[in-house]
Structures are given as structure tokens and as C-alpha cells.
Amino acid sequence: MSTPTTEMSMRMSMISFISFSITTAIVFAIYLQTAATSIAGGDAGELVAEGCKLGTAHPPGYPLYTVIVFFITSIGKNFLGNAFTPAYLVNVTSCVFGSLASGLVSATVYELTNDDDDDEEEKQQRSLVRLSASVSAGIMMAFSPLMWQYNTSAEVFALHNLFVAVIVYVLTKFNQEQSRGIVATGAFFCGLSLTNQHTSILLIVPVAAWVLFHCKQYFRTSVVTFSLGMSCYVLLPIFANLYPHAGSWGDVTTIRGFMHHFLRRDYGTLQLWSGGGSNATETMLERTLHWVTDLSIYQFCNPALLLFLGLGIISACLPSEGNHRRSTQSHKRKMLRTSSRIATGRVIVAALLFYLTSFHSLSNLPLSNPLLFGIHQRFWMHPNLLCFVFIGIGFDTAARPFSSKTTSGLMSMMMLALPWVTFKQNFEMSDQSQNKIFHGYATSILETLPPRSLLLVNYDQSWTSIRYIQECEGLRDDVLSINLSMMTYRWFEKKQQLYDELKFPGSHYTRGNNGGFTISQFIDVNLDNSDIFIVGRLSYEDPIYIQNYEEVPLGFARQIKRRSVPKDPAEVYRNATLHVWRKVTANLLPLPSEIKYPESTWEWTVRREFVDHLVSRSIYLLELSLSSGQQPQTLHSLAEAVLWLEAAISLDEKLAKSPSMQKNIGLASMNIVRSKEANFPIVDDIFFNETKKKERWAPGPNEDGKAWATNHWQLSWGEFLQMDSAQQDTDFHTIRQIYETVMKSAEAKR
């Protein structure tokens, strides 16, 4: 026979579950509609690729995520065929994780607001308010821009958010009932969370310290279950031995190699990247202030919510005044609920402060760089989740004075309206259902390469997207891709045996001859066997490489050729690369919107690269047209060079202020005027109106091409000569002399 207390606990648990279910269902429905159908930027491509093949991802390895990806993609392949891409299946899995995390936040808020009086009528009114506050907090968190972005893409952060939510919820239950089962459950999830994201330790430390301080008798139990969760890491060396394949990171087949990978020594233990030092200019306090600004303005979408955050923290951490003239039993129950709430609230506050101080002391990414700021920003979801718990408590606390049915109903409606406002405000920016940018990007690179080429990659966005599309979708698996950054580590020597087609003149890629090999030595022994292309920059400068080789622009890649080999004529190069760029534009246009994808996103880098390679191709074509020994038919190449440079300016107006751009546009235009070829060629617009049409884009239908080019070079060189920075150009005085001579001659003829 159940007691009234038991019945009440069961009822509250049921309403808590309803809160969890409502939030999870609403969030998942929206997430599913806005998830990308292909791979996202960042680490997503590599993580899914290693999961597809049970490989080893970058440090610390992410074994749990690897197993989940393998499980999901295998089921999808066996039961769904090619109906969905592997990336989409993993994106949907992230939607599940993010939705569950939001639901648990709602359930936690409901549990932490359970300290009302025993009056039954008041309880019913309060239950509606508490339910509204908890659902509102969970959904608002889910639809905050940062959460929405990473809870719908194939990254480890959605699963990390779920683990944070689970640990906080279990902590709440522990403070209500300090049982062995709850301790064991919490310890297991703490251990398991570390196999996904190491920043979980910043939550585990304060939570574990609190739990073990109060329940020392469960220490052995917690150690056993924590170790059981951590045991997922044994899969790394097992998979590395069973499924070795080129492209996986590190050597985890030995204890030393495993610990090296686990401790992230390639990046620097307890650091975000290996490029710190003087570049990391912000202090811990400055990074924390950046977080406060981002949270209040962008994640809350309304700085006024800081008031509810503060109110929630006060309510959760301090005892509230109440009427204590009641039965002994109800008073004890009231005190137990209050002490449980206060204990949980104080531990969460301690965990929040511990995270902010520790992470911002160790993080070494320079936040002045927009892209690196975006990378750093991902780690703010952890403290943001804790804050949304307090937001929910703050909502409930603010509604407490309004005890009548009417006012309680109005307060509930107001609280439930806030998630709708957040949803409407962030939907357009967060809807990634049409985002196929990195799929098109990787396809643009691979489809333009000759069969059985060697592709050297040294950009993260290039490597991760190419690796995914080759490993999981099987596109152009005849192209051998190799990561230049991986080649710089000493453990790469053990990976060389996986590349049967290549020769390695040393242990690893280095600056000099200290047992390793330089890039020029690597190219020397491999160029005769295959065409070699590069995406990104070399890891180290190599004067011999510069002396012996040149990089010829070809779409988003550059072909490495010996300088001793004669260059192609301008028209041959123009026709060959025009064919390549038709493929690039077919896969990538329209380019990512600069409004939807600002500089802090990986998608923005694709737009930036498109413009950079457009300029590189145009400059190289211009150089070929002007070089000695070329055939006289170069007018088409000159015209295309100048018009593509103008296209680049229309895509990035900042380039109009570049002295080199105006100099080269003027140079090409002047040589069009000097050309003995009579008919100005028609230059195809392969950009499908992506560029903004300007008067300077091309001659009109009835306009003389030479007259247009005359005005064009005068305008470009006139702008060049007015730029202060242009005076440092070695050709400045020559250009000024030519410009002034021609302009004086033209003035005299008038």
C-alpha cells in the first residue's frame, strides 16, 4: 500500500517525464526539419569518415562517437540503401542527442522547482507554472543559435550536451535520494562522457567531489562504474590493429602511442591547438567576458534574460522564506526539498565557475580571429546548458507571487511564448536543410583531378570533407589523399606502410634533414609516378622546392610541376582550366551567403577560397599571356583574365582596394589595347549571375573592345596610383610614368 508521500513522488515524477517528453518531441521535430542532408564543416567530415571505417580520429580519438557512427551508418546502409547519405544519418543522430539533452534540462528544472506548499489546489496551479517554466527553458536552450547549429550536425558536441544534461539530472536525483544505484549510474555516465569529449572533466570534478564527500561508502562502486564507462577507450587500439587504413590519425597500437593520443600531445595537453604562444593574446577574464557577451546577446537573444538567470541562481542557492507553521511531517518534507534544491544549485554554480575559469585559462585560441572565435565558441555550449537550468528556475521564481488561476495561466502563456520568439528569431539562420556546401566543395576538388592523382591536403575544411566523401561515399577513391600535417609527426613513420604507391625518403616531413624529409625530397621521388596536386599551404618553407617546382592553379587545387618543363601556352591553359572551373561552379554555386555564414563559420571559408582561387587563376593566366615565347593569340586569355579579376572584386568588394588587383587589371587591359588581334572575344559568364553586374564587367554589345579596354586600364591604374600602399610596389614608378605620359598625350590631342 502506497503512502501519500509515495503517491506524490510518483505524480511529480510523471509530470517531470511529461515535461521531458514535450520538450524532446518539439525540439526533435524542428531539428529534423532543419538538419543538413550532407556533411558540415569543421571536424564533422573526419569524424564520420573514421566512424564509417572504424578508424582513429584526431586526438583524443573519440572512440564512443566512432562506434555510434559506425553503428548508425551500417544500419542505414543495410536497411535503407542509398536513400540517405551517411552524413545525414549521423546528423539525425545528433538531432536525437540534442533533443534528449533539451528534454533533460526541462526535467531537471521541474525537479528543482519542486518545493511548493502542501495545499492541493495551489499544487495544481503551481504544476502548470512549473511545467511551463521547465518546457520553456529546455526549448529556448535548444533553439539558441549555438545549440541549434551543433545539435543538428555530425559533431561530438550534441552528444557532449546530452552527457552534461544527464550528469546534472543524476546529480539532482542524488541530492533527493543518496543511493548506491544513483551514484553508480552517475559515475558510469561520467566515465562514458570522457570517451566523447574531455571537457566533461570540468563538470565531473566538482560533481564527483560533492558526491564522494557525502557518500564515501560508495567510493569503490563509483570507481568501478566510472572505469566501466571509460573502458570504451580500449576500442582504439583494437580497431587500429584490426582495421588499419591510410588517413587515420596517430599510432595507438602501443601503450606509449595510445597515451600520446589520449593526452592530445600533438596539440598540447590541455590546449585547444598547437599554434598558441604569442598568438593567444586574451586573458582568462577577457575570454569570460566574451562568453558573457555572446550568451546574453546572441544565445539568449535578449539581455533581459540575464535577470531571470540571476533570479534562478539566487532561488536555487539560497533558502526561501515560508510559513513553517504546519505539521511536522510536511515541514520535514519541505526542508528536504529545499535542501536538495540548494545543494544541487550550489554544485551547478560551482561547476559553472570551475568550467569558466579552467577552460578560459587553458584555451589558447586567439579570439580576434573570427574563425578561431567560432571554434572556441563551440565549447561554450557546456556552460550555456547550466545557465538555461537557472533560467528555468528563474522563470518559476518570477511567477510565484501570482498565485491565482488566472494569473498563473497568463504567466504560463507568457513563458511558453518565449521559445516561440526564440525559434522565429533564429530559424532562418539555423535552417541547414539546404546546406550542401562542403559536399560540393569536396566534389569540386576531386572531380577536377586526373585519374590516380596524389592530393596533398593541408586545410582542415579540405581534409575533412574530402576524407568523408572518399571514405563514406566512395567518390574518386582512385585519388590518393594525404594530410601534410599528419606527415609532420614522428608517428607517421609507422603509417608509411599503408601507402603502397608512395615513396618516403625519411621518417616524417620536416624542415631539414634530421632523419625526416623535406617536401622537395618527397616530390622528387614521387612526381614521376603520378600527377601531384596540393590544397592549402606547405607546412614548412623549402627554398629548394621553390627553386625546382612551381604550383599551377587548377580549380581549388594547384598542380606541382617542375620548372624545367616548358609551360603551356596561355590559350592551352585557359581552355583546360575553363573546363575545370565549369565543374567547380556547377558544384558550388550559389556561394554561401555572407549573411547566413559570417566569418566565424567554416562555410564562409569556402566562399573565401573560391575568390582566392579565382584570382590565382586569373593572375597566372595573365602571366602566361605576357611571358616571352608565347603564341600571338592571347587576346582571349587577356580578356578572360581581366574580367575574372573583376568578377572576384564583385564577389569581395574589399579586393577593389587592393593595389595588386588594380595593377593587374590595368596591366591586362593595356595589353588588350596593344594586342594586334582585332575582334574582342566573348567571355563566357560561367558564374551564372553570381557576380554583381557592373559597368566595368565587360564591353557592351555595341561597344568597341579596345576603347573599353582603354578606359578600363586608365581607371584601374588611376585608382592604383592614388593608393598609399601602392607606392611600395616595385612597379609603381614605371606605372606612374606610363600613366602620366599617356594621359598628357591624350590631353594634348583634345
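Note that the structure is predicted; figures quoted are calculated from it, not measured.

J.: Explain the packing of aromatic side chains here, please?
T.: Evaluated as defined, the whole model comprises 48 aromatic pairs. Measuring from centroid to centroid gives 6.0 Å for tyrosine 233 and phenylalanine 258, while their planes differ by 85 degrees, and the two rings are edge-to-face. Residue tyrosine 233 is located in the loop between helix H10 (219–230) and helix H11 (235–242), and its partner phenylalanine 258 is located in helix H12 (residues 255–262); the two are separated by 25 residues in the primary sequence. One exposure class covers both tyrosine 233 and phenylalanine 258, and it is buried. Taking the centre distance of 5.3 Å and the plane angle of 65 degrees together, the rings of tryptophan 644 and phenylalanine 687 count as edge-to-face. Of this pair, tryptophan 644 sits in helix H26 (residues 635–651) while phenylalanine 687 is found in the loop between helix H27 (659–674) and helix H28 (705–721), placing the two residues 43 residues apart along the sequence. When sorted by exposure, tryptophan 644 lands in the same class as phenylalanine 687, which is buried.

J.: Even after reading the chapter, I still don't get the sheet that holds strand E4 (residues 549–554), so can you show me in this structure?
T.: Paired through backbone hydrogen bonds, the strands of a sheet run either parallel or antiparallel to each other. Within the open sheet, the 5 strands sit side by side as E2-E1-E3-E5-E4. Their pairing is mixed. Strands with a single pairing partner mark the edges of an open sheet, and in this sheet they are strand E2 (480–483) and E4. Averaged over neighbouring strand pairs, the angle between their axes works out to 30 degrees when direction is ignored. Relative to strand E5 (residues 557–562), strand E3 (residues 532–535) is paired through 2 bridges, and the arrangement is antiparallel. In the sheet register, isoleucine 534 faces E5, and the bridge partner there is arginine 558.

J.: Where do I start with the nonpolar core in this structure?
T.: Counting 204 residues, the largest nonpolar core has Leu455, Leu456, Phe522, Ile523 and Phe610 as the members making the most contacts within it. Among the elements that line this core, the one with the most residues is helix H7 (residues 157–176), at 13 residues. What phenylalanine 522 contacts, discounting residues up to four positions off in sequence, is Leu454, Leu456, Met487, Leu502, Lys503, Phe504, Pro505 and Phe517. Formed by 10 residues, the second largest nonpolar core is a distinct cluster that contains Phe720, Ala726, Ile735 and Tyr739.

J.: How should helix H8 (residues 180–194) be read in this particular structure?
T.: Every α-helix winds through 3.6 residues per turn, so residues three or four apart in the chain are directed the same way. With 15 residues, H8 extends 22 Å between its outermost C-alpha atoms, agreeing within 8% with the 21 Å of an ideal straight helix rising 1.5 Å per residue. Turning to H8, its buried residues number three or more, namely Ile182, Val183, Ala184, Gly186, Ala187, Cys190, Gly191, Leu192, Ser193 and Leu194. Residues of H8 that are buried sit in contact with helix H3 (63–80), H7, helix H9 (201–214) and H10.

J.: It is not clear to me how the environment of isoleucine 30 should be interpreted in this structure. Could you clarify?
T.: Here isoleucine 30 is to be found in helix H1 (residues 4–34). Judged by its relative accessible area of 22%, isoleucine 30 is partly exposed. Residues isoleucine 30 and arginine 220 lie 190 residues apart in sequence; the distance between their C-alpha atoms is 43 Å. If near-sequence neighbours (up to four positions away) are discounted, isoleucine 30 is found in contact with Phe143, Trp148 and Phe423.

J.: I'm lost on the confidence of the model for the chain in this one. Help?
T.: Predicted coordinates in regions of low pLDDT should not be interpreted in detail. Here the chain averages 90 in pLDDT, while 91% of its residues score no lower than 70. This model gives residues 1–12 a pLDDT under 50, and the stretch forms 11 contacts once residues within four places in sequence are excluded.

J.: I would appreciate a short explanation of helix H25 (residues 602–626) in the present structure.
T.: The end-to-end C-alpha distance of H25 is 37 Å, a good match for the 36 Å that 25 residues give at a rise of 1.5 Å each. The element H25 is largely enclosed, with a buried count of 20 among its 25 residues.

J.: Just checking my understanding: could you explain the side chain of serine 153 for this structure?
T.: Tracing the sequence through the fold places serine 153 in the loop between helix H6 (145–150) and H7. Within the structure, the side chain of serine 153 is placed 3.2 Å from the backbone oxygen of glutamine 149, a separation counted as a polar contact. The contact partners of serine 153, leaving out residues within four places of it in the chain, are Ala40, Asn91 and Ser94.

J.: Honestly, the state of the cysteines in this entry has me stumped. Any pointers?
T.: Taken as a whole, this structure holds 1 disulfide when the rule is applied. At a sulfur-sulfur separation of 2.4 Å, the disulfide partner of cysteine 52 is cysteine 472. A torsion of 115 degrees about the S-S bond marks the disulfide between cysteine 52 and cysteine 472 as right-handed. Of this pair, cysteine 52 sits in helix H2 (residues 44–53) while cysteine 472 sits in the loop between helix H20 (460–471) and E2, and the two are 420 residues apart along the sequence. In terms of burial, cysteine 52 and cysteine 472 fall into one category: buried. With no disulfide of its own, cysteine 215 lies 14 Å from the sulfur of cysteine 190, the closest cysteine sulfur.

J.: Even after reading the chapter, I still don't get a nonpolar patch on the surface, so can you show me in this structure?
T.: Taken together, Met14, Phe17, Ile18, Ile22 and Ile26 make up a surface patch of nonpolar side chains, about 430 Å² in accessible area. One can find phenylalanine 17 in helix H1. Judged by relative accessible area, phenylalanine 17 falls into the partly exposed class, the value being 48%.

J.: In this structure, what is going on with the pairing of E2? I would like to understand it.
T.: Remember that side chains alternate between the two faces of the sheet whenever the strand is regular. The two faces of E2 match: Leu480 and Ile482 on one face and Ser481 and Asn483 on the other face are all buried. In this sheet, E2 lies alongside strand E1 (residues 454–457) in parallel orientation, the contact comprising 4 bridges. For leucine 456, the partnering residue across the bridge sits in E2 and is isoleucine 482. Regarding topology, H20 serves as the crossover connection from E1 to the parallel E2, and that connection is right-handed.

J.: Mind showing me how you'd approach the pattern of salt bridges here?
T.: Oppositely charged side chains may form a pair once their charged atoms are brought near each other. Counted according to the given criterion, the structure contains 21 salt bridges. Here lysine 494 makes a salt bridge to aspartate 251, at a shortest N to O gap of 3.2 Å. One end of the pair, lysine 494, is in the loop between helix H21 (484–487) and helix H22 (519–526); the other, aspartate 251, is in the loop between H11 and H12, and 243 residues separate them in sequence. Of the charged contacts in the structure, one is a salt bridge between glutamate 594 and arginine 607, with a shortest N-O distance of 3.6 Å. With glutamate 594 in the loop between helix H24 (570–588) and H25 and arginine 607 in helix H25, this pair connects stretches of sequence that are 13 residues apart.

What counts and what doesn't
- Residues numbered from 1 in each chain as written.
- Predicted model: local features only at pLDDT ≥ 70, side-chain atom pairs only at ≥ 80, totals over all residues.
- Heavy atoms only, no water.
- Phe/Tyr/Trp six-rings, centres within 6.5 Å; stacked < 30°, edge-to-face > 60°.
- Helix = DSSP H or I, 4+ residues; strand = E, 2+ residues; numbered from the N terminus.
- Buried < 20%, exposed > 50% of the residue type's maximum accessible area, 1.4 Å probe, protein only.
- Pairing = 2+ DSSP bridges.
- Axes fitted to C-alpha atoms, helices over the stretch in contact; angles between N-to-C directions.
- Core = buried A, V, L, I, M, F, W, Y, C linked by side-chain atoms within 4.5 Å.
- Contact = heavy atoms within 4.5 Å.
- Expected span 1.5 Å × (residues − 1).
- pLDDT = per-residue confidence, 0-100.
- Polar contact = N/O pair within 3.5 Å; in protein donor to acceptor, adjacent residues only side chain to side chain.
- Disulfide = S-S within 2.5 Å.
- Patch = residues over 30% accessible without salt bridge, like charges linked within 9 Å, V, L, I, M, F, W, Y side chains within 5 Å.
- Areas by Shrake-Rupley, 256 points an atom, 1.4 Å probe, with all protein chains shown as cover.
- Salt bridge = Lys/Arg side-chain N within 4 Å of Asp/Glu carboxyl O.
- Right-handed = clockwise from strand over helix to strand, strands pointing away.

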